[in-house]
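Each chain, letter by letter, is given below.
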Amino acid sequence: MWMRWIAVCSSAALISLNIFAESEAGADAAESRPEPEFPALEPGQSGTIALGSGVELALVWIEALKFWVGKYEVTNGQYRRFNTSHVSKPWARHVLDGDDQPAVYVSWNQARQYCAWLTRRIKGKWPEGWLFRLPSAKEWETCARCGDAREFPWGNEWPPPNDWNYRGEEGLWAPVRLFTHDKVIRGHKDKFVVSAPVASSGSNILGVFGMGGNVWEWCRDEFSEEYGTRVIMGGCWDNYQRHLLKTDWRSECAPNGTNQVIGFRVVLAPPDSAAP
């Protein structure tokens, strides 16, 4: 369903390659302890990759796609292995910057740079020539639908289960109230007023977390040729509108835009499936 809803994106300046070069050097220098040894990834099996300094990246093999999808949205801790100075700024005094919360204030361009860094940095742990990238909208939807025609990532029932992070009744009584004068999903009450730790953001039957809610996720597709915007999918912790929570809903944001509700997830796929 290609329906148009424009995400509110703040303007973001492009960050120079020198900053990221320094970040990568800083990440290398930070490695001072032995890393766990994980088996090399084999097609058909899920696995984990060490990113250094005790940070790991879990991947789930999705048979319908024939490649790996990030088990979770990329976290602040994982993103800071690439950009050591990254901060996911607080929202209404609520923390978004925990190591296990999804990285936000990351543009589409920066998410792609992170994928390229992963591919360069970690070699020999997966089939030769495979690379990290953002999922396409169709690939994202395939993972969200779990092989059937479900309306929402968790199924077809409404309201969402309480382990999926949306704008529910939990925000009505928060010390710093976000939703008091706004609509919420009645009958839904998760534990988090803003973004949740990625392992607490709801798992689908494929074992992939956060395919709905928590944060919107960048996809590699162009949404509008006229405006040059990029597709985001999945909804976020601040959404209550039923149509935004559907598995096929595509929204948009400028590729250099960032805000408190957009993050991303990576896939590891063969080169012939990747966009330029």
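Up top is the structure these notes are about.
**Student:** Explain the overall build of the protein chain residue by residue, including any values.
**Tutor:** Across its full length, the protein chain holds four helices and nine strands. When the helices and strands of the protein chain are listed from N to C terminus, the series reads α-β-β-β-α-α-β-α-β-β-β-β-β. Within the protein chain, the fraction of its 276 residues that count as buried is 53%. Working note: accessible area of the protein chain is about 12300 Å², and carbon and sulfur atoms make up 53% of it.

**Student:** Please give an account of the sheet that holds strand β4 (residues 131–133) that cites residues and values.
**Tutor:** The antiparallel open sheet is built from five strands, whose spatial order is β1-β2-β3-β9-β4. Every interior strand has two partners, whereas the edge strands, β1 (47–52) and β4, have only one. For this sheet, the mean inter-axis angle between neighbouring strands, taken without regard to orientation, is 30°. Both β4 and strand β9 (residues 267–269) contribute to a ladder of three bridges, which runs antiparallel.

**Student:** Mind laying out the nonpolar core, listing which residues take part and the relevant values?
**Tutor:** One finds Tyr 114, Leu 118, Phe 132, Trp 218, Phe 264 and Val 266 to be the most contacted residues of the largest nonpolar core, which totals 65 residues. Beyond its immediate chain neighbours, meaning those up to four positions away, Tyr 114 contacts Leu 51, Val 74, Gln 78, Tyr 79, Phe 82, Phe 264 and Val 266.

**Student:** Please provide a residue-by-residue account of the environment of Asn 76, values included.
**Tutor:** On the secondary structure map, Asn 76 appears in helix α2 (residues 76–79). The buried category is assigned to Asn 76, whose relative accessible area is 0%. Taking the C-alpha atoms as reference, Asn 76 lies 6.6 Å from Gly 98; in sequence the two are 22 residues apart. Apart from the residues within four sequence positions on either side, Asn 76 is in contact with His 86, Ser 88, Leu 96, Asp 97, Gly 98, Asp 99, Gln 101, Pro 102, Ala 103 and Val 104. Within the local environment of Asn 76, its side chain forms a polar contact with the side chain of Ser 88, the two groups lying 2.6 Å apart.

**Student:** So what about helix α4 (residues 137–145)? Which residues, and what values?
**Tutor:** Across the nine residues of α4, seven count as buried, placing the element largely inside the fold. Within α4 the residues assigned to the buried category are Ala 137, Glu 139, Trp 140, Glu 141, Cys 143, Ala 144 and Arg 145. Looking at the packing, one finds that the buried side of α4 touches β2 (55–62), β3 (67–70), β4, β5 (216–224), β6 (229–233) and β7 (250–253). One or two residues past the end of α4 sits Cys 146, with phi positive at roughly 60°.

**Student:** Before we move on, can you summarise the pattern of salt bridges with the specific residues and values?
**Tutor:** In the structure shown here, the tally under the stated rule is 12 salt bridges. Here Asp 148 and Arg 150 are joined by a salt bridge, their closest N and O atoms 2.9 Å apart. The salt bridge involving Arg 242 is made with Glu 151; its shortest N-O contact spans 3.7 Å. Here Arg 242 is found in the loop between β6 and β7, whereas its partner Glu 151 is found in the loop between α4 and β5, with 91 residues between them in sequence. Overlapping salt bridges bring together Glu 141, Arg 145, Asp 248 and Arg 250 as one network.

**Student:** Hey, could you go over the packing of aromatic side chains for me, with residue numbers and the actual values?
**Tutor:** Summed over all chains, the structure comprises 17 aromatic pairs. Measuring from ring centre to ring centre gives 5.5 Å for Tyr 114 and Phe 264, while their planes differ by 75°; the resulting arrangement is edge-to-face. Taken together, the positions of Tyr 114 in helix α3 (residues 108–121) and Phe 264 in the loop between β8 (262–263) and β9 put the pair 150 residues apart, joining distant regions of the chain. Phe 264 sits in the buried class, given a relative accessible area of 0%. For the ring pair Trp 154 and Trp 158, a centre distance of 6.4 Å and an interplane angle of 40° mean the geometry is tilted. Since its relative accessible area comes to 30%, Trp 158 is described here as partly exposed.

The rules we used
- Residues numbered from 1 in each chain as written.
- Predicted model: local features only at pLDDT ≥ 70, side-chain atom pairs only at ≥ 80, totals over all residues.
- Heavy atoms only, no water.
- Helix = DSSP H or I, 4+ residues; strand = E, 2+ residues; numbered from the N terminus.
- Buried < 20%, exposed > 50% of the residue type's maximum accessible area, 1.4 Å probe, protein only.
- Areas by Shrake-Rupley, 256 points an atom, 1.4 Å probe, with all protein chains shown as cover.
- Pairing = 2+ DSSP bridges.
- Axes fitted to C-alpha atoms, helices over the stretch in contact; angles between N-to-C directions.
- Core = buried A, V, L, I, M, F, W, Y, C linked by side-chain atoms within 4.5 Å.
- Contact = heavy atoms within 4.5 Å.
- Polar contact = N/O pair within 3.5 Å; in protein donor to acceptor, adjacent residues only side chain to side chain.
- Salt bridge = Lys/Arg side-chain N within 4 Å of Asp/Glu carboxyl O.
- Phe/Tyr/Trp six-rings, centres within 6.5 Å; stacked < 30°, edge-to-face > 60°.

This is a description of form; function is not addressed.
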